[in-house]
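Listed below, chain by chain, are the residues.
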Amino acid sequence: MSPIKHTFRLSLILWCALAFFISPIAGAQCPVLPAQMMETAKHWDDQPVVGRTYKVQSWYVQDGDSLSLAGGHRLRLGQINTTEMATKKQPIQAFAQQGKDQLKQLLSKHQAIYVQLLPEEKDHYGRWLVSLYDGAGNSAEGALVDQGLAYVISMNEQGAKQCLWQQEAMAQKLGLGLWQAPSSIAAVRNVATLSAATGGFMRVGGLVADVSESQQDWYISLAGLEDLGGFKSQVALKVSKKLLAASTLNIITEAQLEKWIGQEVTARGWLTWRRLSKKQRKKGFKSGVMTLYHLDMLERIPGTNAS
(Lines give C-alpha, C1' and ligand atoms only; values in the text may rest on other atoms or scores of the structure.)
Protein backbone atom coordinates (compact mmCIF):
# COMPACT_ATOMS: atom_id res chain seq x y z
CA MET A 1 0.00 0.00 0.00
CA SER A 2 1.35 3.43 -0.92
CA PRO A 3 2.13 5.95 1.85
CA ILE A 4 -0.63 8.25 0.55
CA LYS A 5 -3.30 5.52 0.66
CA HIS A 6 -2.12 4.40 4.09
CA THR A 7 -2.35 7.96 5.45
CA PHE A 8 -5.81 8.40 3.93
CA ARG A 9 -7.08 5.14 5.45
CA LEU A 10 -5.65 6.04 8.87
CA SER A 11 -7.27 9.47 8.73
CA LEU A 12 -10.61 7.92 7.77
CA ILE A 13 -10.46 5.47 10.70
CA LEU A 14 -9.61 8.24 13.16
CA TRP A 15 -12.41 10.43 11.83
CA CYS A 16 -14.96 7.61 12.16
CA ALA A 17 -13.80 6.84 15.70
CA LEU A 18 -14.11 10.52 16.66
CA ALA A 19 -17.58 10.70 15.14
CA PHE A 20 -18.61 7.60 17.10
CA PHE A 21 -17.76 9.20 20.45
CA ILE A 22 -18.97 12.70 19.66
CA SER A 23 -22.27 11.99 17.95
CA PRO A 24 -24.09 10.50 20.97
CA ILE A 25 -23.15 13.53 23.07
CA ALA A 26 -24.29 15.98 20.43
CA GLY A 27 -27.52 14.06 19.85
CA ALA A 28 -28.40 14.15 23.55
CA GLN A 29 -28.10 17.93 23.98
CA CYS A 30 -31.22 19.55 25.42
CA PRO A 31 -33.07 21.97 23.11
CA VAL A 32 -32.14 25.64 23.20
CA LEU A 33 -34.80 27.99 24.55
CA PRO A 34 -36.57 29.51 21.50
CA ALA A 35 -35.61 33.09 20.70
CA GLN A 36 -39.26 34.16 20.77
CA MET A 37 -39.59 32.96 24.38
CA MET A 38 -36.53 34.95 25.38
CA GLU A 39 -37.76 38.07 23.57
CA THR A 40 -41.19 37.93 25.22
CA ALA A 41 -39.97 36.81 28.67
CA LYS A 42 -41.25 38.88 31.57
CA HIS A 43 -39.01 40.00 34.39
CA TRP A 44 -39.09 37.75 37.44
CA ASP A 45 -41.75 38.87 39.94
CA ASP A 46 -43.18 37.84 43.31
CA GLN A 47 -45.87 35.61 41.78
CA PRO A 48 -44.37 33.57 38.93
CA VAL A 49 -46.61 31.25 36.91
CA VAL A 50 -45.81 27.62 36.12
CA GLY A 51 -44.45 27.13 32.60
CA ARG A 52 -43.93 30.81 31.88
CA THR A 53 -40.45 32.08 30.93
CA TYR A 54 -38.90 34.82 33.07
CA LYS A 55 -35.88 37.04 32.59
CA VAL A 56 -33.43 37.60 35.44
CA GLN A 57 -30.71 40.27 35.35
CA SER A 58 -29.26 40.03 38.85
CA TRP A 59 -28.38 36.80 40.63
CA TYR A 60 -25.90 35.10 42.93
CA VAL A 61 -24.81 31.47 42.55
CA GLN A 62 -25.13 29.71 45.91
CA ASP A 63 -23.91 26.32 44.70
CA GLY A 64 -24.17 24.08 41.67
CA ASP A 65 -27.96 23.85 41.74
CA SER A 66 -29.27 26.99 43.45
CA LEU A 67 -29.32 30.77 43.00
CA SER A 68 -30.35 33.81 45.03
CA LEU A 69 -32.18 36.75 43.49
CA ALA A 70 -32.84 40.30 44.62
CA GLY A 71 -35.69 40.57 47.12
CA GLY A 72 -34.75 37.38 48.91
CA HIS A 73 -36.05 35.00 46.25
CA ARG A 74 -34.21 31.69 45.98
CA LEU A 75 -34.18 29.37 42.97
CA ARG A 76 -33.46 25.63 42.88
CA LEU A 77 -32.68 23.83 39.63
CA GLY A 78 -35.46 21.28 39.87
CA GLN A 79 -34.21 18.54 37.54
CA ILE A 80 -30.66 18.04 38.81
CA ASN A 81 -28.81 17.64 42.08
CA THR A 82 -25.19 18.60 42.67
CA THR A 83 -23.03 17.52 45.59
CA GLU A 84 -23.00 19.59 48.77
CA MET A 85 -20.81 22.52 49.70
CA ALA A 86 -19.26 22.57 53.18
CA THR A 87 -21.47 23.24 56.21
CA LYS A 88 -20.81 23.47 59.93
CA LYS A 89 -21.71 19.78 60.23
CA GLN A 90 -20.02 18.31 57.18
CA PRO A 91 -17.06 18.97 54.86
CA ILE A 92 -17.44 19.81 51.20
CA GLN A 93 -18.34 16.84 48.99
CA ALA A 94 -16.41 15.83 45.89
CA PHE A 95 -17.17 17.95 42.79
CA ALA A 96 -19.35 20.45 44.70
CA GLN A 97 -16.94 23.35 44.08
CA GLN A 98 -16.52 22.36 40.43
CA GLY A 99 -20.30 22.36 40.00
CA LYS A 100 -20.63 25.81 41.54
CA ASP A 101 -17.74 27.21 39.51
CA GLN A 102 -19.13 25.76 36.28
CA LEU A 103 -22.55 27.32 36.87
CA LYS A 104 -21.01 30.70 37.73
CA GLN A 105 -18.84 30.61 34.63
CA LEU A 106 -21.75 29.64 32.40
CA LEU A 107 -24.02 32.42 33.65
CA SER A 108 -21.38 35.16 34.04
CA LYS A 109 -21.00 35.36 30.25
CA HIS A 110 -24.44 36.96 29.98
CA GLN A 111 -26.21 40.06 31.26
CA ALA A 112 -29.49 38.18 31.62
CA ILE A 113 -30.56 34.58 32.20
CA TYR A 114 -33.92 32.83 31.83
CA VAL A 115 -35.95 30.56 34.10
CA GLN A 116 -39.13 28.53 33.79
CA LEU A 117 -41.09 27.59 36.89
CA LEU A 118 -41.68 23.84 37.30
CA PRO A 119 -45.03 22.28 38.36
CA GLU A 120 -44.09 21.66 42.00
CA GLU A 121 -43.26 25.38 42.33
CA LYS A 122 -41.29 25.19 45.62
CA ASP A 123 -39.21 22.69 47.57
CA HIS A 124 -39.38 22.18 51.35
CA TYR A 125 -36.81 24.96 51.83
CA GLY A 126 -39.09 27.46 50.12
CA ARG A 127 -36.98 27.72 46.96
CA TRP A 128 -38.68 28.11 43.59
CA LEU A 129 -38.10 25.01 41.44
CA VAL A 130 -37.05 26.02 37.95
CA SER A 131 -35.42 25.08 34.69
CA LEU A 132 -32.50 27.44 34.09
CA TYR A 133 -31.08 28.77 30.82
CA ASP A 134 -28.13 31.05 30.12
CA GLY A 135 -28.44 34.23 28.08
CA ALA A 136 -28.15 32.30 24.82
CA GLY A 137 -30.94 29.91 25.81
CA ASN A 138 -28.71 26.93 26.60
CA SER A 139 -29.79 24.58 29.39
CA ALA A 140 -27.72 25.16 32.55
CA GLU A 141 -28.79 21.76 33.89
CA GLY A 142 -27.64 20.12 30.68
CA ALA A 143 -24.22 21.79 30.88
CA LEU A 144 -23.63 20.44 34.40
CA VAL A 145 -24.94 16.93 33.68
CA ASP A 146 -22.93 16.78 30.46
CA GLN A 147 -19.68 17.18 32.42
CA GLY A 148 -20.64 14.72 35.15
CA LEU A 149 -21.12 17.46 37.75
CA ALA A 150 -24.77 16.72 38.57
CA TYR A 151 -27.21 13.85 38.97
CA VAL A 152 -30.52 13.96 37.11
CA ILE A 153 -33.57 13.85 39.39
CA SER A 154 -37.32 13.58 38.78
CA MET A 155 -39.16 15.21 41.67
CA ASN A 156 -42.71 15.22 40.30
CA GLU A 157 -45.00 13.16 38.07
CA GLN A 158 -43.82 15.03 34.97
CA GLY A 159 -40.25 13.82 35.44
CA ALA A 160 -36.97 15.28 34.21
CA LYS A 161 -36.35 15.90 30.52
CA GLN A 162 -35.27 12.81 28.61
CA CYS A 163 -32.32 14.69 27.13
CA LEU A 164 -30.88 15.10 30.63
CA TRP A 165 -31.05 11.34 31.27
CA GLN A 166 -29.32 10.75 27.93
CA GLN A 167 -26.56 13.20 28.85
CA GLU A 168 -26.10 11.55 32.23
CA ALA A 169 -25.83 8.12 30.60
CA MET A 170 -23.05 9.43 28.35
CA ALA A 171 -21.23 11.08 31.28
CA GLN A 172 -21.39 7.76 33.13
CA LYS A 173 -20.07 5.90 30.09
CA LEU A 174 -17.14 8.30 29.78
CA GLY A 175 -16.45 8.30 33.54
CA LEU A 176 -16.74 12.08 33.89
CA GLY A 177 -16.87 13.96 37.19
CA LEU A 178 -19.11 12.15 39.68
CA TRP A 179 -18.89 8.99 37.64
CA GLN A 180 -15.13 8.55 37.90
CA ALA A 181 -14.04 5.07 38.99
CA PRO A 182 -13.16 3.25 41.13
CA SER A 183 -14.29 5.08 44.31
CA SER A 184 -16.99 7.20 42.70
CA ILE A 185 -19.12 9.32 45.01
CA ALA A 186 -22.00 8.29 42.75
CA ALA A 187 -21.47 4.54 43.26
CA VAL A 188 -24.50 2.52 44.36
CA ARG A 189 -24.32 1.96 48.12
CA ASN A 190 -25.33 -1.37 49.60
CA VAL A 191 -28.08 -0.74 52.17
CA ALA A 192 -26.29 -3.16 54.50
CA THR A 193 -23.63 -0.47 55.02
CA LEU A 194 -26.03 2.38 55.81
CA SER A 195 -26.93 3.80 59.20
CA ALA A 196 -28.33 7.01 60.65
CA ALA A 197 -24.89 8.54 60.21
CA THR A 198 -25.20 8.23 56.42
CA GLY A 199 -27.98 10.35 54.97
CA GLY A 200 -28.62 12.82 52.16
CA PHE A 201 -28.71 12.24 48.43
CA MET A 202 -27.31 8.93 47.23
CA ARG A 203 -27.84 5.87 45.06
CA VAL A 204 -28.72 2.74 47.01
CA GLY A 205 -29.08 -0.93 46.17
CA GLY A 206 -30.56 -3.87 48.00
CA LEU A 207 -32.79 -6.90 47.85
CA VAL A 208 -36.50 -6.47 48.43
CA ALA A 209 -37.18 -7.96 51.88
CA ASP A 210 -40.85 -7.19 52.42
CA VAL A 211 -43.66 -4.85 51.43
CA SER A 212 -46.06 -2.83 53.58
CA GLU A 213 -48.49 0.02 52.98
CA SER A 214 -50.17 3.10 54.34
CA GLN A 215 -53.30 4.69 52.96
CA GLN A 216 -51.41 6.60 50.27
CA ASP A 217 -48.05 4.87 49.86
CA TRP A 218 -46.17 1.58 49.46
CA TYR A 219 -43.11 0.90 51.61
CA ILE A 220 -40.58 -1.44 50.01
CA SER A 221 -38.10 -2.65 52.64
CA LEU A 222 -34.59 -3.46 51.50
CA ALA A 223 -32.01 -5.89 52.85
CA GLY A 224 -28.31 -6.17 52.10
CA LEU A 225 -27.34 -7.34 48.63
CA GLU A 226 -25.28 -10.25 49.87
CA ASP A 227 -27.67 -11.81 52.42
CA LEU A 228 -31.46 -11.51 52.32
CA GLY A 229 -32.10 -13.56 55.46
CA GLY A 230 -29.27 -12.46 57.72
CA PHE A 231 -29.64 -8.67 57.66
CA LYS A 232 -32.37 -6.79 59.51
CA SER A 233 -33.55 -4.17 57.08
CA GLN A 234 -33.25 -0.52 58.14
CA VAL A 235 -34.12 1.15 54.81
CA ALA A 236 -37.38 1.36 52.90
CA LEU A 237 -38.35 2.98 49.62
CA LYS A 238 -41.55 5.01 49.83
CA VAL A 239 -43.57 5.14 46.60
CA SER A 240 -46.99 6.65 46.02
CA LYS A 241 -49.71 4.06 45.29
CA LYS A 242 -51.10 6.42 42.68
CA LEU A 243 -47.70 6.59 40.96
CA LEU A 244 -47.28 2.81 40.68
CA ALA A 245 -50.88 2.28 39.61
CA ALA A 246 -50.62 4.88 36.83
CA SER A 247 -47.29 3.56 35.54
CA THR A 248 -46.73 0.89 32.93
CA LEU A 249 -46.14 -1.51 35.85
CA ASN A 250 -49.83 -1.08 36.80
CA ILE A 251 -49.23 -2.22 40.38
CA ILE A 252 -52.36 -1.87 42.50
CA THR A 253 -52.17 -4.74 44.99
CA GLU A 254 -49.72 -5.86 47.65
CA ALA A 255 -49.60 -9.30 46.03
CA GLN A 256 -48.14 -7.73 42.87
CA LEU A 257 -45.37 -6.01 44.83
CA GLU A 258 -44.62 -9.14 46.84
CA LYS A 259 -43.37 -10.71 43.60
CA TRP A 260 -40.39 -8.36 43.97
CA ILE A 261 -39.27 -10.00 47.23
CA GLY A 262 -35.76 -11.42 46.92
CA GLN A 263 -35.00 -9.39 43.80
CA GLU A 264 -32.52 -6.54 43.46
CA VAL A 265 -33.50 -2.88 43.18
CA THR A 266 -31.45 0.28 42.74
CA ALA A 267 -32.79 3.74 43.50
CA ARG A 268 -31.60 7.33 43.87
CA GLY A 269 -32.90 10.04 46.16
CA TRP A 270 -32.61 11.57 49.61
CA LEU A 271 -32.26 9.07 52.41
CA THR A 272 -33.61 10.44 55.69
CA TRP A 273 -33.57 8.82 59.10
CA ARG A 274 -36.21 9.08 61.80
CA ARG A 275 -36.38 8.08 65.44
CA LEU A 276 -38.87 5.24 65.96
CA SER A 277 -40.80 4.30 69.08
CA LYS A 278 -40.84 0.71 70.35
CA LYS A 279 -44.39 0.39 69.04
CA GLN A 280 -43.35 1.53 65.57
CA ARG A 281 -40.39 -0.84 65.48
CA LYS A 282 -42.63 -3.71 66.57
CA LYS A 283 -44.97 -2.91 63.69
CA GLY A 284 -42.03 -3.09 61.25
CA PHE A 285 -41.53 0.61 60.58
CA LYS A 286 -38.14 1.44 59.02
CA SER A 287 -35.97 4.24 60.35
CA GLY A 288 -34.36 5.01 56.97
CA VAL A 289 -36.75 6.17 54.23
CA MET A 290 -36.08 7.23 50.63
CA THR A 291 -39.13 8.78 48.97
CA LEU A 292 -39.41 8.30 45.19
CA TYR A 293 -41.52 10.92 43.40
CA HIS A 294 -41.11 9.42 39.93
CA LEU A 295 -40.21 5.93 38.70
CA ASP A 296 -37.18 7.43 36.92
CA MET A 297 -35.63 7.44 40.39
CA LEU A 298 -36.03 3.67 40.58
CA GLU A 299 -33.07 2.74 38.40
CA ARG A 300 -33.37 -1.04 38.62
CA ILE A 301 -36.89 -2.48 38.73
CA PRO A 302 -37.54 -6.19 39.38
CA GLY A 303 -39.09 -8.07 36.50
CA THR A 304 -38.20 -5.44 33.88
CA ASN A 305 -35.23 -4.54 31.71
CA ALA A 306 -34.92 -1.18 33.47
CA SER A 307 -31.53 -0.86 35.14
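Thresholds applied
Residues numbered from 1 in each chain as written. Predicted model: local features only at pLDDT ≥ 70, side-chain atom pairs only at ≥ 80, totals over all residues. Heavy atoms only, no water. 1 Å grid on protein atoms, 1.4 Å probe; cavity = no way out; pocket = protein on both sides within 12 Å on 5 of 7 lines; lining within 4 Å. Points joined across faces, edges and corners; volume = space filled by probe spheres on them. Helix = DSSP H or I, 4+ residues; strand = E, 2+ residues; numbered from the N terminus. Nonpolar A, V, L, I, M, F, W, Y, C, P; charged D, E, K, R; others polar. Disulfide = S-S within 2.5 Å. Buried < 20%, exposed > 50% of the residue type's maximum accessible area, 1.4 Å probe, protein only. Core = buried A, V, L, I, M, F, W, Y, C linked by side-chain atoms within 4.5 Å. Contact = heavy atoms within 4.5 Å. Salt bridge = Lys/Arg side-chain N within 4 Å of Asp/Glu carboxyl O. Pairing = 2+ DSSP bridges.

Colleague: Even after reading the chapter, I still don't get empty space enclosed by the protein, so can you show me in this structure?
Modeller: For the structure shown, the criterion picks out 1 cavity of 30 Å³ or more. In this model, the largest cavity occupies a volume close to 80 Å³. As for the largest cavity, its lining consists of 13 residues, and the residues nearest its centre are Gly78, Gln79, Leu118, Met155 and Asn156. Here the element with the most residues in the lining of the largest cavity is strand S7 (residues 113–122); it accounts for 3 residues. Here the residues of the lining of the largest cavity sort into 6 nonpolar, 6 polar and 1 charged.

Colleague: Would you explain the state of the cysteines in this entry?
Modeller: Throughout this description, disulfide means a covalent bond between two cysteine sulfur atoms. The tally for this structure, following the rule as stated, stands at 1 disulfide. One disulfide bridge connects Cys30 with Cys163, the sulfur atoms lying 2.0 Å from each other. On the sign convention where negative is left-handed, the bridge of Cys30 and Cys163, at about 100° about the S-S bond, is right-handed. One end of the pair, Cys30, is in the loop between helix H1 (3–27) and helix H2 (35–40); the other, Cys163, is in helix H5 (residues 162–174), and 133 residues separate them in sequence. Neither residue differs from the other here; Cys30 and Cys163 are each classed as buried.

Colleague: What am I meant to see in the nonpolar core here?
Modeller: When a protein is soluble and globular, its nonpolar side chains tend to lie buried together. Grouped together as the largest cluster of nonpolar side chains are 64 residues, with contacts concentrated most on Leu132 and Leu237. Every residue in contact with Leu132, bar those within four places of it in the chain, is listed here: Leu67, Leu77, Leu103, Leu107, Ile113, Tyr114, Val115, Asn138, Ser139, Ala140 and Glu141. The next biggest cluster of nonpolar side chains, apart from the first, holds 5 residues, and it includes Leu33, Met38, Ala41 and Tyr133.

Colleague: How should I be thinking about the pattern of salt bridges in this particular structure?
Modeller: Think of it this way: side chains of opposite charge can pair up when their charged atoms draw near. Taken as a whole and assessed by the stated rule, the structure comprises 7 salt bridges. Two residues, Arg203 and Glu299, come together in a salt bridge whose shortest N-O distance is 2.6 Å. In this pair, Arg203 sits in strand S11 (residues 200–213) while Glu299 sits in strand S16 (residues 298–300), placing the two residues 96 residues apart along the sequence. Per residue, the accessibility class of Arg203 equals that of Glu299, and both read buried. Connected through shared salt-bridge partners, Glu168, Arg203, Arg268 and Glu299 make up one network.

Colleague: Sorry if this is basic, but what is going on with the environment of Ile301 here?
Modeller: Mapped onto the elements, Ile301 comes out in the segment after S16. For Ile301, a relative accessible area of 10% gives the class buried. For Ile301 and Leu249, which are 52 residues apart along the polypeptide, the C-alpha to C-alpha distance reads 9.7 Å.

Colleague: Got a minute to help me understand the pairing of strand S3 (residues 59–63) in this structure?
Modeller: The side chains of a regular strand alternate, first on one face of the sheet and then on the other. Across 4 bridges, the pairing between S3 and strand S4 (residues 66–69) is antiparallel. When the bridges of S4 are listed, Val61 appears paired with Leu67.

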